[in-house]
Amino acid sequence: MALLFRWLLRLATALIVLVVAVFALAYYFASRSLPDYEGTFAVSGITAPVEIVRDHANVPHIFGESDGDVFFALGYAHAQDRLWQMTMLRRTAQGRLSELFGERTLRIDTLLRRLDLYGAARASVAAQDAPTTAALEAYAAGVNAWLAEVNSGARGRGAPEMWMFNHAVAPWQPADSIAVVKLMALQLSGHLEDEVLRARTSLVLGDERINDILPDAPGAPTAALPAYASLIEGAPRYAQNMRMPFDPLSPVRPRELAGASNAWAAGISRSATGSTLLANDPHLGLTAPTIWYLARLELESGGVIGGTIPGVPVVMIGRSSDLGWGLTSSYLDDQDVFIEEVNAQNANQYRTADGWADFETRDSIISVRDSAAVTIQLQWTGNGPVIPPDQFDLGTIRPPGHVTTLAWTALSREDTSVSAAMDLMRARNVRQAIAATAGYIAPSQVLTMADRNGIAMKLIGAMPARDPAHQSQGRLPTYGYIPTNQWQGLLPYTDNPEFVNPEGGIVGNTNNKIVDRPFPNHVSFEWGDTQRINRWRRLMQVREVHTRESFIEAQLDTVSYTARALLPLVGADLWFTGEAAPEGTPEHQRQLALQLLSEWNGEMNEHLPEPLIYAAWMRALQDRLIRDELGGLSREFTHVDPVFIERVYRDVGGAARWCDVLQSAPVETCTDLARLALDDALLWIAQNHGSALESLRWGDAHQATHDHPVLGEAAVLNWFVNIRQSTSGGDNTLQRGRTSGVDPFPFQNVHAAGYRGVYDFADPDSSVFVTATGQSGHPLSRYYDDLGDLWRRGEYIPMSLDPALARAAAVGVTVLEPDAQ
């Protein structure tokens, strides 16, 4: 027995030593790719020495003698910290993920090849102006200089992920930067899916009830539209969802997560500081690392500082000493789906107004890891590329003998968006900024600006020109051969909505409806917000003048206007009713929940139980309201629509009929459904979070999920690469934390402000900003998640253009010198 014990002990010791050795070896190889921020390096491609001063938060402040050298150094810094992220963005745009991930990403690559975003980016290089071309080339040279350093200096392949997914990294090119911007346009788009969902819902409900479940933003009514079935003959009455579950590697987000943001500015008359103020927090899907990378560039026109996107040599959001700018998703309707009839006698032809025409075709080969390569045939009509039926649920609305195509401004092959963004960095006032962005194509944004004396807001991006006789006004797929359905080019930039120095002294956008124009100059029928705007309006108007601190307070506000509006309506006949019930019974739980909610002020605080009870109740209520009418299609409505619930409980246009369950004999009232939904919610809470209502925490359910797109689901590794945080806020608060909407974790925070910035032009160097994770994309770096704690607590770091301040607490200074060879 003693001998057996000794051998078991030796075996256990050997296993422990082996595990430790494996971890040590893995750490050694992974840590070799950690960049050294202190040092002097000789590089080719610059004309004079360049300094990259990394301040206390690892934000690079780049100083050079020419703009080209500064952009070179930005490319070098981006590659140092985010090489894996950059290569993944490029690979996604090219439709080449399957070379690394096999069949898992074949559908993603197929879509990207059919859209041909990378081909459009390559073609758009020639459309850039000379300064932008020079900047793109210098930036690419900087990225490639770091790649050369990785190859020659034993830098651990540049990123730890490279050890797991070993592949040759091609040199960076100017087209790659343009492709990244086009990929962002795809992430922010949503009108294609809106059209498809409206068509599917129309086929199930008919046009008489569609405005209840898919309501327009409150405001002037829209003229009635025809039912989809009357537009497209032979469309299936209903088809099950054809899409696969969302893959974090996909750039196509679910329609409820297409894009959101907040931005507002106060003029001198509404500022206590004597100059203007601006706040901006763009919302995107949460990832580790975040898409944003903070940087300061000292250009020949002056310093600029703010948020960049790795792969693009532009400060997309930020400020100079004279001008600040922020971006929010505009929700411009810049996509249309067309139903194209295929010639039954010749599948290579499609119908046009003048007869049959040949598809433009091209074969494309997709290499697939551990599988045979796949060849697909790409097709285009005069309206745009053919999109297959398994994408975007297009097969559910496509009649036999037809294909679907997409018209979209981001498919432009003369896209000058990068040139416009480059000119914006050099603008000195709002008028110059508006003029600078005339060439911006996609993704369409609302640009909020403030210079030292004025404020402005302008929709930027190409607006499609539609015929006033368009059959569906762009809201439903239509036949592509009918001329009135086709785009008539683009509207002039002067038609884009613009607000300069308004009398009220404040401009702002929460993705809300900004104009009320008739079609076809309407901008959009689908807007991203009908709720946050109400809370923002109150916070802006409750003060006569504002300060940097009041803007920060508004940016971090977690009070739900929606909760305050819906609870009195939904619970009108439930408050303080019912007989006394013994503890532990459903009746007692319902009474306790109603008591908690009756005393709640609507604050979606992570430490409170009421937000979870409210969110679960509204989710269960909407499900009960729509499940019997929509059947399986109800699963597409993953998030509560406050306007729909308000219409039902105010009985707008007879919408209260949604409360009656069609399949049951009794006639249910809205009070009945509210009570049943509350019981559903409390049961779900008990099963997932416990039955002690007073001890519930919203933050336990509403965790921010900064997950690594590739390694986030890998056992063991996910503990190192994912960042999870308890957060306040919700779907409709200014500090927005959009929930996933899908089981088993419907309230996880998956879409939020990856960047926050507040700029004060009375004292520009007192401006502040922060990102949601950190500067580095390396999980072993201390800068991988160091900003995340500040972000969660609502704190910021200084956003100063003072070189002395950057140097005072620098974590490293990298000097790039021209290679003498």
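Below: a short report on this structure. (Residues numbered from 1 in each chain as written. Predicted model: local features only at pLDDT ≥ 70, side-chain atom pairs only at ≥ 80, totals over all residues. Heavy atoms only, no water.)

Counting its secondary structure elements, the chain contains 24 helices and 29 strands. Its C-alpha atoms give the chain a radius of gyration of 27 Å, within 12% of the compact-globule value 28 Å for 821 residues. C-alpha atoms of the chain, sized along the principal axes, occupy 85 × 85 × 75 Å. For the chain, the proportion of its 821 residues judged to be buried stands at 61%. For the chain, restricting intrachain contacts to residue pairs at least 6 apart in sequence, the fraction spanning at least 24 positions comes to 72%. As displayed, the chain has an accessible area near 31100 Å², and 54% of this comes from carbon and sulfur atoms. (Helix = DSSP H or I, 4+ residues; strand = E, 2+ residues; numbered from the N terminus. Rg over C-alpha atoms; globule rule 2.2 N^0.38 Å. Buried < 20%, exposed > 50% of the residue type's maximum accessible area, 1.4 Å probe, protein only. Contact = heavy atoms within 4.5 Å. Areas by Shrake-Rupley, 256 points an atom, 1.4 Å probe, with all protein chains shown as cover.)

One open sheet holds the 11 strands; their spatial order is β1-β29-β2-β3-β6-β7-β8-β9-β17-β18-β20, and the pairing between them is mixed. Two strands close off the open sheet at either side, each with one partner strand: β1 (39-43) and β20 (498-500). Neighbour-to-neighbour, the strand axes of the sheet open up by a mean angle of 20°, direction not taken into account. Summarising the sheet, strand β18 (residues 455-460) and β20 pair through 3 bridges and their orientation is antiparallel. From the neighbouring strand, Met 457 faces β20, where its bridge partner is Phe 499. Set on the sheet, helix α12 (residues 417-426) makes contact with β6 (293-299), β7 (302-308), β8 (315-320), β9 (323-329) and β17 (445-451); between it and β9 the angle comes to about 145°. (Pairing = 2+ DSSP bridges. Axes fitted to C-alpha atoms, helices over the stretch in contact; angles between N-to-C directions.)

Leu 297, Met 425 and Leu 816 are the most contacted members of the largest nonpolar core, which has 170 residues in total. By size, the runner-up hydrophobic cluster in this structure holds 54 residues, among which are Leu 567, Leu 592, Ile 626 and Ile 685. (Core = buried A, V, L, I, M, F, W, Y, C linked by side-chain atoms within 4.5 Å.)

So, on to the pairing of strand β27 (residues 768-771). Neither face of β27 is open: one carries Val 768 and Val 770, the other Phe 769 and Thr 771, and all of them are buried. When strand β26 (residues 755-760) meets β27, the two strands line up antiparallel, connected through 4 bridges. Within the sheet, the bridge partner assigned to Gly 757 lies in β27 and is Phe 769. In the sheet, β27 pairs with strand β28 (residues 797-798) via 2 bridges, with the strands oriented antiparallel. Within the sheet, the bridge partner assigned to Val 768 lies in β28 and is Pro 798.

Here we come to the sheet that holds strand β19 (residues 478-479). Strands sit in the order β15-β16-β10-β19 across an open sheet of 4 strands; the sheet is mixed. Single-partner strands in this sheet number two, and they are β15 (386-387) and β19. Relative to β19, strand β10 (residues 335-341) is paired through 2 bridges, and the arrangement is parallel. Counterpart to Phe 338 in the pairing with β19 is Thr 478. Sheet contacts for helix α9 (residues 191-205): β10 and β16 (402-408); angle to β10, the most-contacted strand, approximately 55°.

Inspection of the entire model under this criterion finds 1 disulfide. Note that Cys 659 is cross-linked by a disulfide to Cys 670, the S-S spacing being 2.0 Å. An S-S torsion of about 95° defines the bridge between Cys 659 and Cys 670 as right-handed. In this pair, Cys 659 sits in the loop between α19 (642-650) and α20 (670-689) while Cys 670 sits in helix α20, placing the two residues 11 residues apart along the sequence. For the pair Cys 659 and Cys 670, one class covers both residues: buried. (Disulfide = S-S within 2.5 Å.)

A separate point is a nonpolar patch on the surface. On the surface, a cluster of nonpolar side chains totalling about 680 Å² of accessible area is made up of Met 1, Leu 4, Leu 8, Leu 11, Leu 15 and Leu 18. Relative to the helices and strands, Leu 8 resides in helix α1 (residues 2-31). (Patch = residues over 30% accessible without salt bridge, like charges linked within 9 Å, V, L, I, M, F, W, Y side chains within 5 Å. Salt bridge = Lys/Arg side-chain N within 4 Å of Asp/Glu carboxyl O.)

In this section: the packing of helix α18 (residues 610-630) against α20. With their axes 8 Å apart at the nearest point, α18 and α20 run at an angle of 125° to one another. In terms of axis orientation, α18 runs oblique to α20. The handedness of the crossing between α18 and α20 is right-handed. Counted together, Leu 612, Ile 613, Ala 616, Trp 617, Ala 620, Leu 621, Arg 624 and Leu 625 of α18 and Leu 673, Ala 674, Leu 676, Ala 677, Leu 678, Asp 680, Ala 681, Trp 684, Ile 685 and His 689 of α20 form the full contact between these two elements. Looking at side-chain class alone, the contact of α18 with α20 contains 15 nonpolar, 1 polar and 2 charged residues. (Parallel < 35°, antiparallel > 145°, perpendicular 65-115°, else oblique. Left-handed = near helix turned anticlockwise from the far one by under 90°. Nonpolar A, V, L, I, M, F, W, Y, C, P; charged D, E, K, R; others polar.)

The next point concerns the environment of Gly 45. Following the sequence through the fold, Gly 45 ends up in the loop between β1 and β2 (50-54). Separated by 96 residues in sequence, Gly 45 and Ala 141 place their C-alpha atoms 6.3 Å apart.

Attention now goes to unusual backbone geometry. Trans is the common state for peptide bonds, and a negative phi is the common state for residues other than glycine. Cis geometry marks the peptide bond from Ala 288 to Pro 289; its omega dihedral reads 0°. In this fold, Pro 289 is placed in the loop between β5 (277-285) and β6. Located in the positive-phi region is Phe 392, a residue other than glycine, with phi close to 60°. The phi angle at Val 716 is positive, at roughly 75°, despite the residue not being glycine. On the secondary structure map, Val 716 appears in the loop between β22 (703-706) and α22 (718-721). By relative accessible area, which is 48% here, Val 716 ends up partly exposed.

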